[in-house]
Amino acid sequence: MGLAAIDVHGLTKQFGSFQAVAGVDLQVNYGEIFGFIGPNGSGKSTTIRMLCGLLRPTAGGGTVLGYDLEREAEQIRQGIGYMSQRFSLYKELTVRENMQFYAGAYSLTGRTLQQRLDAVMEVTGLSARADQIVADLATGWRQRLALASALLHEPLLVFLDEPTAGVDPLTRRDFWGLLYRMAADGMTFFVTTHFMDEAEHCHRLACIDQGRIVASGDVASLAARLPDGHKVPPGVPVLEEVFVALTEGRLKGGAGHKLDSH
Ligand SMILES: Nc1ncnc2c1ncn2[C@@H]1O[C@H](COP(=O)(O)OP(=O)(O)OP(=O)(O)O)[C@@H](O)[C@H]1O
Ligand SMILES: [Mg+2]
(Lines give C-alpha, C1' and ligand atoms only; values in the text may rest on other atoms or scores of the structure.)
(Ligands and ions follow the chains in the order given, each with its own letter.)
Protein backbone atom coordinates (compact mmCIF):
# COMPACT_ATOMS: atom_id res chain seq x y z
CA MET A 1 0.00 0.00 0.00
CA GLY A 2 1.36 3.41 -1.02
CA LEU A 3 1.50 6.40 1.28
CA ALA A 4 -1.44 8.14 -0.36
CA ALA A 5 -4.88 6.71 -1.13
CA ILE A 6 -4.87 8.71 -4.36
CA ASP A 7 -1.82 10.15 -6.09
CA VAL A 8 -2.41 11.16 -9.71
CA HIS A 9 -0.84 13.67 -12.03
CA GLY A 10 -1.91 15.25 -15.30
CA LEU A 11 -5.11 13.24 -15.48
CA THR A 12 -6.78 14.13 -18.77
CA LYS A 13 -9.89 12.95 -20.61
CA GLN A 14 -10.64 13.90 -24.16
CA PHE A 15 -14.08 13.18 -25.66
CA GLY A 16 -13.52 13.76 -29.37
CA SER A 17 -12.33 17.34 -29.66
CA PHE A 18 -13.67 18.25 -26.20
CA GLN A 19 -11.37 18.08 -23.18
CA ALA A 20 -13.58 17.22 -20.17
CA VAL A 21 -10.64 16.84 -17.76
CA ALA A 22 -7.48 18.79 -18.50
CA GLY A 23 -4.45 17.76 -16.47
CA VAL A 24 -5.72 17.14 -12.95
CA ASP A 25 -3.30 16.53 -10.05
CA LEU A 26 -4.73 15.05 -6.85
CA GLN A 27 -3.25 13.68 -3.66
CA VAL A 28 -5.59 12.25 -1.04
CA ASN A 29 -4.38 10.79 2.24
CA TYR A 30 -5.77 7.70 3.96
CA GLY A 31 -8.48 8.55 6.49
CA GLU A 32 -9.41 11.81 4.76
CA ILE A 33 -12.82 12.98 3.65
CA PHE A 34 -11.80 14.77 0.48
CA GLY A 35 -14.34 17.06 -1.20
CA PHE A 36 -14.46 17.65 -4.94
CA ILE A 37 -16.55 20.65 -5.93
CA GLY A 38 -17.24 22.52 -9.15
CA PRO A 39 -20.04 23.69 -11.42
CA ASN A 40 -22.16 21.34 -13.54
CA GLY A 41 -20.16 19.85 -16.37
CA SER A 42 -16.79 20.83 -14.86
CA GLY A 43 -15.45 17.25 -15.01
CA LYS A 44 -16.12 15.84 -11.51
CA SER A 45 -17.82 12.60 -12.53
CA THR A 46 -15.40 12.04 -15.39
CA THR A 47 -12.45 12.42 -12.99
CA ILE A 48 -14.05 10.01 -10.52
CA ARG A 49 -14.67 7.41 -13.23
CA MET A 50 -11.00 7.59 -14.20
CA LEU A 51 -9.90 7.28 -10.55
CA CYS A 52 -12.15 4.22 -10.15
CA GLY A 53 -10.49 2.48 -13.08
CA LEU A 54 -13.73 2.61 -15.07
CA LEU A 55 -12.64 5.11 -17.72
CA ARG A 56 -9.23 5.13 -19.32
CA PRO A 57 -7.43 8.49 -19.11
CA THR A 58 -6.33 10.04 -22.41
CA ALA A 59 -3.17 11.19 -20.65
CA GLY A 60 -1.67 11.29 -17.19
CA GLY A 61 -1.84 8.67 -14.48
CA GLY A 62 -0.66 7.64 -11.07
CA THR A 63 -1.83 5.37 -8.30
CA VAL A 64 -5.06 4.66 -6.43
CA LEU A 65 -4.68 2.48 -3.33
CA GLY A 66 -1.09 2.05 -4.48
CA TYR A 67 -2.19 0.40 -7.75
CA ASP A 68 -1.18 1.85 -11.07
CA LEU A 69 -4.13 3.43 -12.88
CA GLU A 70 -3.05 2.18 -16.28
CA ARG A 71 -1.74 -1.31 -15.51
CA GLU A 72 -3.76 -2.33 -12.44
CA ALA A 73 -7.24 -0.94 -13.12
CA GLU A 74 -8.84 -4.27 -12.18
CA GLN A 75 -7.21 -4.26 -8.73
CA ILE A 76 -8.42 -0.68 -8.28
CA ARG A 77 -11.98 -1.61 -9.25
CA GLN A 78 -11.95 -4.49 -6.77
CA GLY A 79 -10.40 -2.40 -4.00
CA ILE A 80 -12.51 0.75 -4.11
CA GLY A 81 -16.19 1.41 -3.44
CA TYR A 82 -18.14 3.58 -5.88
CA MET A 83 -21.54 5.16 -5.51
CA SER A 84 -22.23 6.63 -8.92
CA GLN A 85 -24.19 9.82 -9.52
CA ARG A 86 -26.87 7.86 -11.33
CA PHE A 87 -26.75 4.67 -9.30
CA SER A 88 -29.28 2.04 -10.27
CA LEU A 89 -31.29 -0.13 -7.94
CA TYR A 90 -33.78 -2.88 -8.73
CA LYS A 91 -37.01 -1.27 -7.61
CA GLU A 92 -39.01 -4.50 -7.56
CA LEU A 93 -36.45 -6.24 -5.34
CA THR A 94 -35.91 -5.85 -1.59
CA VAL A 95 -33.06 -4.01 0.10
CA ARG A 96 -31.29 -7.28 0.89
CA GLU A 97 -31.77 -8.67 -2.62
CA ASN A 98 -30.32 -5.51 -4.14
CA MET A 99 -27.23 -5.83 -1.96
CA GLN A 100 -26.89 -9.52 -2.79
CA PHE A 101 -26.85 -8.55 -6.44
CA TYR A 102 -24.00 -6.07 -5.90
CA ALA A 103 -22.11 -8.56 -3.75
CA GLY A 104 -21.86 -10.80 -6.82
CA ALA A 105 -19.45 -8.35 -8.43
CA TYR A 106 -17.02 -8.92 -5.55
CA SER A 107 -17.41 -12.70 -5.35
CA LEU A 108 -18.77 -12.52 -1.82
CA THR A 109 -20.68 -15.70 -1.01
CA GLY A 110 -22.02 -17.89 1.78
CA ARG A 111 -21.28 -17.02 5.37
CA THR A 112 -18.96 -14.10 4.52
CA LEU A 113 -21.72 -12.59 2.38
CA GLN A 114 -24.31 -12.91 5.18
CA GLN A 115 -21.94 -11.31 7.68
CA ARG A 116 -21.11 -8.42 5.37
CA LEU A 117 -24.80 -7.83 4.53
CA ASP A 118 -25.68 -7.68 8.22
CA ALA A 119 -22.70 -5.43 9.01
CA VAL A 120 -23.39 -2.81 6.31
CA MET A 121 -27.12 -2.78 7.02
CA GLU A 122 -26.33 -2.22 10.69
CA VAL A 123 -23.90 0.62 10.00
CA THR A 124 -26.19 2.37 7.51
CA GLY A 125 -29.31 1.85 9.64
CA LEU A 126 -31.00 -0.34 7.02
CA SER A 127 -31.46 -3.49 9.12
CA ALA A 128 -35.15 -2.85 9.87
CA ARG A 129 -35.78 -2.31 6.14
CA ALA A 130 -33.92 -5.37 4.86
CA ASP A 131 -37.04 -7.00 3.44
CA GLN A 132 -38.71 -3.86 2.14
CA ILE A 133 -39.22 -3.42 -1.61
CA VAL A 134 -37.02 -0.61 -2.93
CA ALA A 135 -39.95 0.96 -4.81
CA ASP A 136 -41.46 1.75 -1.39
CA LEU A 137 -38.32 3.42 0.01
CA ALA A 138 -37.93 7.19 0.43
CA THR A 139 -35.06 8.84 -1.48
CA GLY A 140 -32.84 9.09 1.61
CA TRP A 141 -33.09 5.34 2.22
CA ARG A 142 -32.30 4.58 -1.40
CA GLN A 143 -29.13 6.67 -1.08
CA ARG A 144 -28.20 4.69 2.01
CA LEU A 145 -28.80 1.46 0.16
CA ALA A 146 -26.55 2.65 -2.67
CA LEU A 147 -23.90 3.56 -0.09
CA ALA A 148 -24.32 0.23 1.71
CA SER A 149 -23.87 -1.61 -1.59
CA ALA A 150 -20.61 0.27 -2.17
CA LEU A 151 -19.31 -0.82 1.26
CA LEU A 152 -19.98 -4.56 1.04
CA HIS A 153 -16.44 -5.63 0.18
CA GLU A 154 -14.91 -3.44 2.95
CA PRO A 155 -13.17 -0.96 0.63
CA LEU A 156 -10.57 1.36 2.18
CA LEU A 157 -11.42 4.08 -0.31
CA VAL A 158 -14.94 5.04 -1.38
CA PHE A 159 -15.98 7.43 -4.15
CA LEU A 160 -19.32 9.11 -3.61
CA ASP A 161 -20.64 11.12 -6.57
CA GLU A 162 -23.30 13.49 -5.23
CA PRO A 163 -24.49 10.99 -2.63
CA THR A 164 -27.00 13.41 -1.08
CA ALA A 165 -28.63 14.86 -4.20
CA GLY A 166 -32.37 15.19 -3.61
CA VAL A 167 -32.15 14.27 0.06
CA ASP A 168 -33.71 16.28 2.91
CA PRO A 169 -31.54 18.23 5.42
CA LEU A 170 -31.94 15.84 8.35
CA THR A 171 -31.11 12.82 6.21
CA ARG A 172 -28.12 14.68 4.79
CA ARG A 173 -26.89 15.41 8.31
CA ASP A 174 -27.26 11.74 9.29
CA PHE A 175 -25.44 10.69 6.12
CA TRP A 176 -22.48 12.93 6.97
CA GLY A 177 -22.46 11.66 10.56
CA LEU A 178 -22.09 8.20 9.09
CA LEU A 179 -19.20 9.25 6.82
CA TYR A 180 -17.43 10.84 9.79
CA ARG A 181 -17.69 7.70 11.89
CA MET A 182 -16.37 5.56 9.06
CA ALA A 183 -13.52 7.99 8.33
CA ALA A 184 -12.59 7.90 12.02
CA ASP A 185 -12.30 4.12 11.61
CA GLY A 186 -9.72 4.70 8.88
CA MET A 187 -11.77 4.77 5.71
CA THR A 188 -11.11 7.35 2.99
CA PHE A 189 -13.87 9.18 1.13
CA PHE A 190 -13.72 11.14 -2.10
CA VAL A 191 -17.01 12.96 -2.35
CA THR A 192 -18.66 15.43 -4.71
CA THR A 193 -21.51 17.67 -3.70
CA HIS A 194 -23.28 20.86 -4.74
CA PHE A 195 -24.20 21.55 -1.09
CA MET A 196 -21.56 23.95 0.21
CA ASP A 197 -22.63 23.46 3.84
CA GLU A 198 -21.74 19.78 3.38
CA ALA A 199 -18.51 20.52 1.59
CA GLU A 200 -17.38 22.43 4.68
CA HIS A 201 -17.30 19.14 6.56
CA CYS A 202 -14.52 17.83 4.32
CA HIS A 203 -10.96 17.73 5.66
CA ARG A 204 -9.63 19.07 2.37
CA LEU A 205 -11.15 20.00 -0.96
CA ALA A 206 -10.29 20.62 -4.57
CA CYS A 207 -12.31 22.92 -6.81
CA ILE A 208 -12.53 22.02 -10.48
CA ASP A 209 -13.64 24.34 -13.25
CA GLN A 210 -13.69 23.47 -16.96
CA GLY A 211 -11.62 20.37 -16.29
CA ARG A 212 -8.88 22.09 -14.28
CA ILE A 213 -8.21 22.24 -10.56
CA VAL A 214 -8.34 25.94 -9.78
CA ALA A 215 -8.03 25.86 -6.00
CA SER A 216 -7.45 23.30 -3.26
CA GLY A 217 -6.79 22.99 0.42
CA ASP A 218 -8.84 23.13 3.61
CA VAL A 219 -11.79 25.47 4.06
CA ALA A 220 -9.66 28.20 5.68
CA SER A 221 -7.11 28.25 2.89
CA LEU A 222 -9.86 28.37 0.26
CA ALA A 223 -11.61 31.20 2.10
CA ALA A 224 -8.29 33.08 2.02
CA ARG A 225 -8.59 33.09 -1.79
CA LEU A 226 -11.74 35.25 -1.71
CA PRO A 227 -11.19 38.73 -3.17
CA ASP A 228 -9.65 41.22 -0.72
CA GLY A 229 -12.20 42.90 1.51
CA HIS A 230 -14.87 40.33 0.58
CA LYS A 231 -17.59 40.07 3.25
CA VAL A 232 -19.40 36.76 3.66
CA PRO A 233 -23.10 37.50 4.30
CA PRO A 234 -24.40 36.16 7.63
CA GLY A 235 -25.72 32.61 7.41
CA VAL A 236 -24.03 31.86 4.09
CA PRO A 237 -21.45 29.04 4.13
CA VAL A 238 -18.05 30.56 3.33
CA LEU A 239 -17.48 27.84 0.74
CA GLU A 240 -20.56 29.02 -1.13
CA GLU A 241 -18.86 32.38 -1.53
CA VAL A 242 -15.70 30.61 -2.66
CA PHE A 243 -17.74 28.60 -5.15
CA VAL A 244 -19.44 31.69 -6.59
CA ALA A 245 -16.14 33.59 -6.79
CA LEU A 246 -14.59 30.54 -8.47
CA THR A 247 -17.37 30.33 -11.05
CA GLU A 248 -17.15 34.05 -11.75
CA GLY A 249 -13.36 33.85 -12.08
CA ARG A 250 -12.78 36.10 -9.05
CA LEU A 251 -10.75 33.72 -6.85
CA LYS A 252 -7.34 35.13 -5.98
CA GLY A 253 -4.23 33.32 -7.13
CA GLY A 254 -5.60 32.43 -10.56
CA ALA A 255 -6.10 29.00 -12.06
CA GLY A 256 -3.59 26.21 -12.34
CA HIS A 257 -1.60 26.99 -9.17
CA LYS A 258 0.39 24.21 -7.49
CA LEU A 259 -1.59 21.86 -5.28
CA ASP A 260 -0.71 21.90 -1.61
CA SER A 261 -0.97 18.39 -0.27
CA HIS A 262 -1.78 19.25 3.36
N1 LIG B 1 -19.01 10.04 -22.63
C2 LIG B 1 -18.98 11.36 -22.91
N3 LIG B 1 -18.88 11.80 -24.18
C4 LIG B 1 -18.82 13.13 -24.44
N5 LIG B 1 -18.84 14.09 -23.51
C6 LIG B 1 -18.95 13.70 -22.23
C7 LIG B 1 -19.02 12.32 -21.85
N8 LIG B 1 -19.11 12.25 -20.49
C9 LIG B 1 -19.09 13.52 -20.07
N10 LIG B 1 -19.00 14.40 -21.09
C11 LIG B 1 -18.92 15.84 -20.98
O12 LIG B 1 -17.82 16.17 -20.17
C13 LIG B 1 -18.12 17.30 -19.35
C14 LIG B 1 -17.89 16.94 -17.89
O15 LIG B 1 -18.90 16.03 -17.48
P16 LIG B 1 -18.97 15.48 -16.00
O17 LIG B 1 -20.12 14.54 -15.96
O18 LIG B 1 -17.64 14.96 -15.61
O19 LIG B 1 -19.28 16.80 -15.18
P20 LIG B 1 -19.68 16.98 -13.64
O21 LIG B 1 -18.72 17.97 -13.07
O22 LIG B 1 -19.78 15.66 -12.98
O23 LIG B 1 -21.12 17.68 -13.73
P24 LIG B 1 -22.42 17.55 -12.77
O25 LIG B 1 -22.19 18.50 -11.63
O26 LIG B 1 -23.53 18.03 -13.66
O27 LIG B 1 -22.56 16.14 -12.36
C28 LIG B 1 -19.55 17.70 -19.66
O29 LIG B 1 -19.52 18.75 -20.59
C30 LIG B 1 -20.14 16.45 -20.28
O31 LIG B 1 -21.17 16.76 -21.17
MG1 LIG C 1 -21.29 14.65 -12.10
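Residues numbered from 1 in each chain as written. Chains lettered and ligands numbered in written order. Predicted model: local features only at pLDDT ≥ 70, side-chain atom pairs only at ≥ 80, totals over all residues. Heavy atoms only, no water.

S.K.: So what's going on with the layout of surface pockets? Which residues, and what values?
M.R.: For the largest pocket, the calculated volume is near 420 Å³. Surrounding the largest pocket, 21 residues form its lining, Y82, M83, S84, Y102 and Y106 being those nearest its centre. Counting only elements with at least two residues in the lining of the largest pocket, the list comes to helix 2 (73–79), strand 6 (80–83), helix 3 (95–103) and helix 5 (139–151). In terms of residue class, the lining of the largest pocket is made up of 13 nonpolar, five polar and three charged. Quantified by volume, the second largest pocket comes out at close to 210 Å³. Elements with a minimum of two residues in the lining of the second largest pocket: helix 4 (110–124) and helix 6 (169–184). If one sorts the elements of the lining of the second largest pocket by residue count, helix 4 sits on top with four residues. Split by residue class, the lining of the second largest pocket holds nine nonpolar, no polar and four charged. (1 Å grid on protein atoms, 1.4 Å probe; cavity = no way out; pocket = protein on both sides within 12 Å on 5 of 7 lines; lining within 4 Å. Points joined across faces, edges and corners; volume = space filled by probe spheres on them. Helix = DSSP H or I, 4+ residues; strand = E, 2+ residues; numbered from the N terminus. Nonpolar A, V, L, I, M, F, W, Y, C, P; charged D, E, K, R; others polar.)

S.K.: Residues and numbers for the sheet that holds strand 7 (residues 157–161), please.
M.R.: One open sheet accounts for six strands, arranged 6-7-8-3-9-10; its pairing is mixed. Every other strand in the sheet has two partners, leaving strand 6 and strand 10 (212–217) as the edge strands with one partner each. Taking each pair of neighbouring strands and ignoring which way they run, the sheet shows an average axis angle of 15 degrees. Packing against the sheet, helix 1 (residues 44–51) makes contact with strand 3 (33–37), strand 6, strand 7, strand 8 (188–192) and strand 9 (204–209), and its axis sits at approximately 155 degrees to strand 7. (Pairing = 2+ DSSP bridges. Axes fitted to C-alpha atoms, helices over the stretch in contact; angles between N-to-C directions. Contact = heavy atoms within 4.5 Å.)

S.K.: Report on the pattern of salt bridges, specifying residues and quantitative values.
M.R.: Applying the stated rule across the entire model yields eleven salt bridges. Ionic pairing is found between D228 and K252, a salt bridge with its closest N-O pair at 2.8 Å. Note that D228 is positioned in the loop between helix 8 (219–223) and helix 9 (238–247) and K252 in the segment after helix 9, a separation of 24 residues in sequence. Connected through shared salt-bridge partners, R172, D197 and E198 make up one network. (Salt bridge = Lys/Arg side-chain N within 4 Å of Asp/Glu carboxyl O.)

S.K.: Give a detailed account of the coordination of the magnesium ion (ligand 2), specifying residues and quantitative values.
M.R.: Surrounding the magnesium ion (ligand 2) are the protein donor atoms S45 (OG) and Q85 (OE1), which sit 2.0 to 2.2 Å from the metal. Placement of S45 in helix 1 and of Q85 in the loop between strand 6 and helix 3 is noted, with a sequence separation of 40 residues between them. Given the relative accessible area of 22%, S45 is considered partly exposed. (Donors = N, O, S within 2.8 Å, 3.2 Å for Na, K, Ca; no water. Buried < 20%, exposed > 50% of the residue type's maximum accessible area, 1.4 Å probe, protein only.)

S.K.: Run through the site of ligand 1, naming residues and quoting values.
M.R.: Residues in contact with ligand 1 amount to 14 residues; listed here are only the nearest, G41, K44, S45, T46 and Q85. Taking G43, its main chain carries an N or O atom lying 3.0 Å from an oxygen atom of ligand 1. H194 places a side-chain nitrogen or oxygen 3.0 Å from an oxygen atom of ligand 1. With the chains in place, 64% of the 640 Å² that ligand 1 exposes on its own is no longer accessible. Secondary structure elements with two or more residues in the shell around ligand 1: strand 2 (18–29) and helix 1. The dominant element in the shell around ligand 1, judged by the number of residues it contributes, is helix 1, at three residues. The residue inventory of the shell around ligand 1, partitioned by class, reads four nonpolar, eight polar and two charged. (Near = heavy atom within 4 Å. Polar contact = N/O pair within 3.5 Å; in protein donor to acceptor, adjacent residues only side chain to side chain. Areas by Shrake-Rupley, 256 points an atom, 1.4 Å probe, with all protein chains shown as cover.)

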